Amino acid sequence: MSSYMGVHVSDQWLQSQFTQAELRSLKSKFLEMKNQNGQVTVGDMPPLMVKLNASNSMFNEEEIAGILKESLADLSNEIDFEAFLKAYLDLQGLATAKSGASKQSSSFLKATTTTLLHTISESEKASYVAHINSYLGDDPFLKQFLPIDPATNDLFNLAKDGVLLCKLINVAVPGTIDERAINTKRVLNPWERNENHTLCLNSAKAIGCTVVNIGTQDLVEGRPHLLLGLISQIIKIQLLADLSLKKTPQLVELVDANNDVEELMGLAPEKVLLKWMNFHLKKAGYEKPVSNFSSDLKDGKAYAYLLNVLAPEHCSPSTLDSKDPKERAKLVLDHAERMDCKRYLKPEDIVEGSPNLNLAFVAQIFHQRNGLTTDSKKISFAEMMTDDVQTSREERCFRLWINSLGIVTYVNNVFEDVRNGWILLEVLDKVSPGSVNWKQASKPPIKMPFRKVENCNQVIRIGRQMKFSLVNVAGNDFVQGNKKLILAFLWQLMRYNMLQLLKNLRSHSQGKEITDADILKWANNKVKHTGRTSKIVNFKDQSLSSGIFFLELLSAVEPRVVNWNLVTKGESDDEKRLNATYIISVARKLGCSIFLLPEDIMEVNQKMILTLAASIMYWSLQKAVEDGESSPSPSNGTCTATPDASPAPSVNGEDEISSLGGEVANLNIDDAASDTTVSSQLENGEFTAVE
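Residues numbered from 1 in each chain as written. Predicted model: local features only at pLDDT ≥ 70, side-chain atom pairs only at ≥ 80, totals over all residues. Heavy atoms only, no water.

**Focus: the overall build of the protein chain**
Next, step 1: Each helix and strand counted, the protein chain has 31 helices and 2 strands in total.
Next, step 2: Residues classed as buried in the protein chain amount to 54% of the 691 residues present.
Next, step 3: A separation of at least 24 residues holds for 66% of the contacts in the protein chain among residues at least 6 apart in sequence.
Next, step 4: For the protein chain, the computed accessible surface area is about 30,300 Å², with 49% contributed by carbon and sulfur atoms. (Helix = DSSP H or I, 4+ residues; strand = E, 2+ residues; numbered from the N terminus. Buried < 20%, exposed > 50% of the residue type's maximum accessible area, 1.4 Å probe, protein only. Contact = heavy atoms within 4.5 Å. Areas by Shrake-Rupley, 256 points an atom, 1.4 Å probe, with all protein chains shown as cover.)

Below you can see the structure in the form of structure tokens.
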């Protein structure tokens, strides 16, 4: 790839409101007009703004001229490109306000900042800044930049090097990123900064964030609405972490009968939070059920009842007596503060029904005081319902992988959510486009049980067409929630996806299928060609537990990515864990989208080890294609984009593999397939059972 110079705007905030694609398009239109007239005046802009649909068709030329005259005075005045961009943004903001005037309160409009077609809530921004200041204020590296002032754009500027986001992910789910893999120099070069963002996005996917519409360039540019959207998801995952039976067995009190526990386990954390809130509101005598974190909480009454039942010692009778919702909201927040709940939102946020901030507030109340029973009988029953460690790890891996595909439905619990067959059909359609007959599928909610069976029967039928091992497996097995068979099917589906991506990338392998043996041979050859002697017999080889082989493989595909001073011998369990966590972060830093845990490497989980090797192979082959298009080495100071490459879709959510077809036809088996076709391990049944 040749070096690239984007459109530069001196005003950093203004630059952050647009992508480079948008800036190039707008600059082209601006220069075109300038070439026609010799200069661009305010009077030239109305027809261009209409042509660009800058106001979303809310204003005609005459109205736009009137708006511009108010802000830019004389229509004959010449304007430069930056003034043109500011006028464009102003029109977008006015159009957004006009279109939302009937739906939004004026106070909400005043509390937002327009970013092209998107708005960001200043209240949410201030809340997230307060959260970051609280949890990362003592971080050895970030404390020199914190606290952040919420009134400025410091949050977006600080996020541009990727360190803040990586650290925030580790606050949400401790241990997700090995911080030794984060580039934390005071001044980062473009390559190092891009590595941090790639690590951030792949790690965000690995904790359950949806990042299909966010790319590394969006983070480099510090685009406010995308950054706030990602930060919101990360913080939400942190705040809702305890809302599961595994973390809080006392939640079993929310169900009346034991057979409802599985239903509770299948609920999204937000739904569990609402169920918990309604459980206490019913006890408090509040008759109106709360079904959302917005309109149902605006008057503050539900909060007043909830806090009175959870912390009666801090109760103030005047809270419910107050007639003014804003005053009641203020008293609610005072009550919560006496319970040691951090104050991240204002009374206005409750009154205006901010869903994100209300959800965060309720989650904080739950974390501080959930008010649930400590009945040992109920708790022991809840603990009996949890899966064994291996099953839980595999469920987590497949759940995150499915959510990373960008399908419409979000999976909260694999075993519960796949039982109607719809999600499996969505995944099949993503992995093998056109394979699903949607006319024969029933979309949830599905009341008739036989419709669920029909969906699952189609899943099995497609699986057999894809040559999956499904002996004696029927659709009803999935409807009944047979965990072993569900995991076995999902493994075959994930593995199929990996091998197809590798096959497509390598120009259909001259008609030959990629097998596990090809991946094994490629990995061994890669390490061998660096002069190292490590070699593995198969993906069950116990020597893999030390982590040394994968570190050597990563170093072979990108020599600069492994810092060997941080690598241990991998002899004790502690040393193995250090190496395993480092491997996962380094692979994600390259661009591999992987969902395994350090334990999977330490215990040599054959399936997860294969996904890791295939991810690295995929990244390496795709990089070879890009290098073949004369990409300069990073060592010469030119930045190239780290490809978002992995057996799962890229962080941008676009599968561009098919377009790379013929570019790798001439790769030989060092980066290619073996000379002998080896029958798939899947076909001989090795992977049909969950190990």
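**Let's talk about unusual backbone geometry**
Next, step 1: Going from Leu146 to Pro147, the amide bond is cis rather than trans, its omega being 5°.
Next, step 2: Structurally, Pro147 is set in the loop between helix 7 (122–136) and helix 8 (154–158).
Next, step 3: Cis geometry is found at the peptide bond from Pro444 to Pro445, where omega equals 0°.
Next, step 4: For Lys467, which is not a glycine, the phi torsion comes out positive at approximately 65°.
Next, step 5: Within the fold, Lys467 resides in the loop between helix 24 (449–465) and helix 25 (475–479).
Next, step 6: Although it is not a glycine, Val604 adopts a positive phi angle of roughly 50°.
Next, step 7: Its place among the elements puts Val604 in the loop between helix 30 (598–602) and helix 31 (606–628).

**Examining the nonpolar core**
Next, step 1: Among the nonpolar cores identified, the biggest contains 170 residues, and Leu230, Leu273, Trp276, Met277, Ile365, Leu493 and Ile519 are the most heavily contacted of them.
Next, step 2: The element contributing the most residues to this core is helix 26 (residues 483–505), with 12 residues.
Next, step 3: What Ile519 contacts, discounting residues up to four positions off in sequence, is Leu499, Leu502, Ile514, Phe539, Leu610, Ala613, Ala614 and Met617.
Next, step 4: In this structure, Val40, Val42, Ile64 and Leu68 belong to the second largest nonpolar core, which totals 20 residues. (Core = buried A, V, L, I, M, F, W, Y, C linked by side-chain atoms within 4.5 Å.)

**Digging into the packing of aromatic side chains**
Next, step 1: Scanning all chains against the criterion turns up 12 aromatic pairs.
Next, step 2: Between Trp276 and Phe366, the aromatic rings sit 5.2 Å apart at their centres with planes inclined by 85°, giving edge-to-face as the arrangement. A residue pair is termed long-range when its members are at least 10 positions apart, and Trp276 in helix 14 (residues 269–284) and Phe366 in helix 19 (residues 355–368) qualify at 90 residues.
Next, step 3: The class for Trp276 is buried, based on a relative accessible area of 0%.
Next, step 4: Taking 5.6 Å as the distance between ring centres and 70° as the angle between the ring planes, the aromatic pair formed by Phe468 and Phe489 counts as edge-to-face. Within this pair, whereas Phe468 is found in the loop between helix 24 and helix 25, its partner Phe489 is found in helix 26, the two being separated by 21 residues in sequence. (Phe/Tyr/Trp six-rings, centres within 6.5 Å; stacked < 30°, edge-to-face > 60°.)

**A word on the side chain of Lys607**
Next, step 1: Among the secondary structure elements, Lys607 is positioned in helix 31.
Next, step 2: Judged by its relative accessible area of 2%, Lys607 is buried.
Next, step 3: Within the local environment of Lys607, its side chain forms a polar contact with the side chain of Glu394, the two groups lying 3.4 Å apart. (Polar contact = N/O pair within 3.5 Å; in protein donor to acceptor, adjacent residues only side chain to side chain.)

**Quick notes on the packing of helix 23 (residues 422–431) against helix 26**
Next, step 1: Two numbers describe how helix 23 lies on helix 26: the axes approach to 10 Å, and their chain directions differ by 20°. With respect to their mutual orientation, helix 23 and helix 26 come out roughly parallel. Crossing angle aside, the handedness with which helix 23 passes helix 26 is left-handed. Residue-level contacts link Leu424, Val427, Leu428 and Val431 of helix 23 to Phe489, Leu490, Leu493, Tyr496 and Asn497 of helix 26.
Next, step 2: Partitioned by chemical class, the residues of the contact of helix 23 with helix 26 number 8 nonpolar, 1 polar and no charged. (Axes fitted to C-alpha atoms, helices over the stretch in contact; angles between N-to-C directions. Parallel < 35°, antiparallel > 145°, perpendicular 65-115°, else oblique. Left-handed = near helix turned anticlockwise from the far one by under 90°. Nonpolar A, V, L, I, M, F, W, Y, C, P; charged D, E, K, R; others polar.)

**Section: helix 15 (residues 301–310)**
Next, step 1: Across the 10 residues of helix 15, 7 count as buried, placing the element largely inside the fold.
Next, step 2: Taken as a whole, helix 15 has its buried residues at Ala302, Tyr303, Ala304, Leu306, Leu307, Asn308 and Leu310.
Next, step 3: At its buried positions, helix 15 is contacted by helix 14, helix 16 (318–321), helix 17 (325–338), helix 18 (347–351) and helix 19.

**Concerning the pattern of salt bridges**
Next, step 1: Under the counting rule described, the total for this entry stands at 22 salt bridges.
Next, step 2: Its salt-bridge partner being Glu195, residue Lys589 comes within 3.9 Å of it at the nearest N-O pair. Of this pair, Lys589 sits in helix 29 (residues 573–590) while Glu195 sits in helix 10 (residues 190–206); the two residues are 394 residues apart in sequence, bridging distant segments of the chain. You'll find Lys589 and Glu195 in the same group, each marked buried.
Next, step 3: Ionic pairing is found between Arg393 and Glu603, a salt bridge with its closest N-O pair at 2.8 Å. Here Glu603 lies in the loop between helix 30 and helix 31 and Arg393 lies in helix 21 (residues 389–404), a separation of 210 residues in the sequence.
Next, step 4: Each member of the salt-bridge network shares a partner with another, and the members are Asp139, Lys167 and Glu179. (Salt bridge = Lys/Arg side-chain N within 4 Å of Asp/Glu carboxyl O.)

**A few points about the side chain of Thr391**
Next, step 1: Along the chain, the position of Thr391 falls in helix 21.
Next, step 2: Residue class for Thr391 comes out buried when judged on its relative accessible area of 12%.
Next, step 3: Leave out the neighbours within four places in its chain, and Thr391 touches Phe415 and Leu487.

**Thoughts on the packing of helix 14 against helix 19**
Next, step 1: The interhelical angle for the contact between helix 14 and helix 19, taken along N-to-C directions, is 65°, at an axis separation of 11 Å. Considering how the two elements wind past one another, helix 14 and helix 19 form a crossing that is left-handed. Contact residues: Glu270, Leu273, Trp276 and Met277 in helix 14; Leu359, Val362, Ala363, Ile365 and Phe366 in helix 19.
Next, step 2: Partitioned by chemical class, the residues of the contact of helix 14 with helix 19 number 8 nonpolar, no polar and 1 charged.

**Remarks on the environment of Asn194**
Next, step 1: Within the secondary structure, Asn194 sits in helix 10.
Next, step 2: A polar atom in the side chain of Asn194 sits 3.3 Å from the side chain of Thr216.

**Notes on the environment of Leu597**
Next, step 1: Note on placement: Leu597 falls in the loop between helix 29 and helix 30.
Next, step 2: Sequence-distant contacts of Leu597, defined by excluding residues within four places in its chain, comprise Arg393, Arg396 and Ile584.

**Quick notes on the confidence of the model for the protein chain**
Next, step 1: Chain-level statistics for the protein chain give a pLDDT mean of 79 and a share of 78% at 70 or above.
Next, step 2: Within the protein chain, the lowest mean pLDDT, 30, falls on helix 6 (residues 106–110), and the highest, 96, falls on helix 9 (residues 163–172).
Next, step 3: Taken as a whole, residues 629–691 scores under 50 in pLDDT and shows 163 contacts with residues more than four places along the chain or in a different chain. (pLDDT = per-residue confidence, 0-100.)

**Considerations on the state of the cysteines**
Next, step 1: The tally for this structure, following the rule as stated, stands at 0 disulfides.
Next, step 2: Here Cys166 stays free of any disulfide, with the sulfur of Cys200 as its closest cysteine sulfur at 5.1 Å.
Next, step 3: On the basis of relative accessible area, Cys166 is assigned to the buried category, the value being 0%. (Disulfide = S-S within 2.5 Å.)

**Focus: the environment of Asp149**
Next, step 1: In this structure, Asp149 sits in the loop between helix 7 and helix 8.
Next, step 2: On the basis of relative accessible area, Asp149 is assigned to the partly exposed category, the value being 38%.
Next, step 3: When the C-alpha positions of Asp149 and Ala130 are compared, they lie 8.9 Å apart, and in sequence the two are 19 residues distant.
Next, step 4: Only 2.9 Å separates the side chain of Asp149 from the backbone nitrogen of Ala151, close enough to count as a polar contact.

**What to know about helix 23**
Next, step 1: Most of helix 23 sits inside the fold, with 8 of its 10 residues counted as buried.
Next, step 2: Of all the positions in helix 23, only Trp422, Ile423, Leu424, Leu425, Glu426, Val427, Leu428 and Val431 are classed as buried.
Next, step 3: Close packing links the buried residues of helix 23 with helix 21, helix 22 (414–417), helix 24, helix 25 and helix 26.

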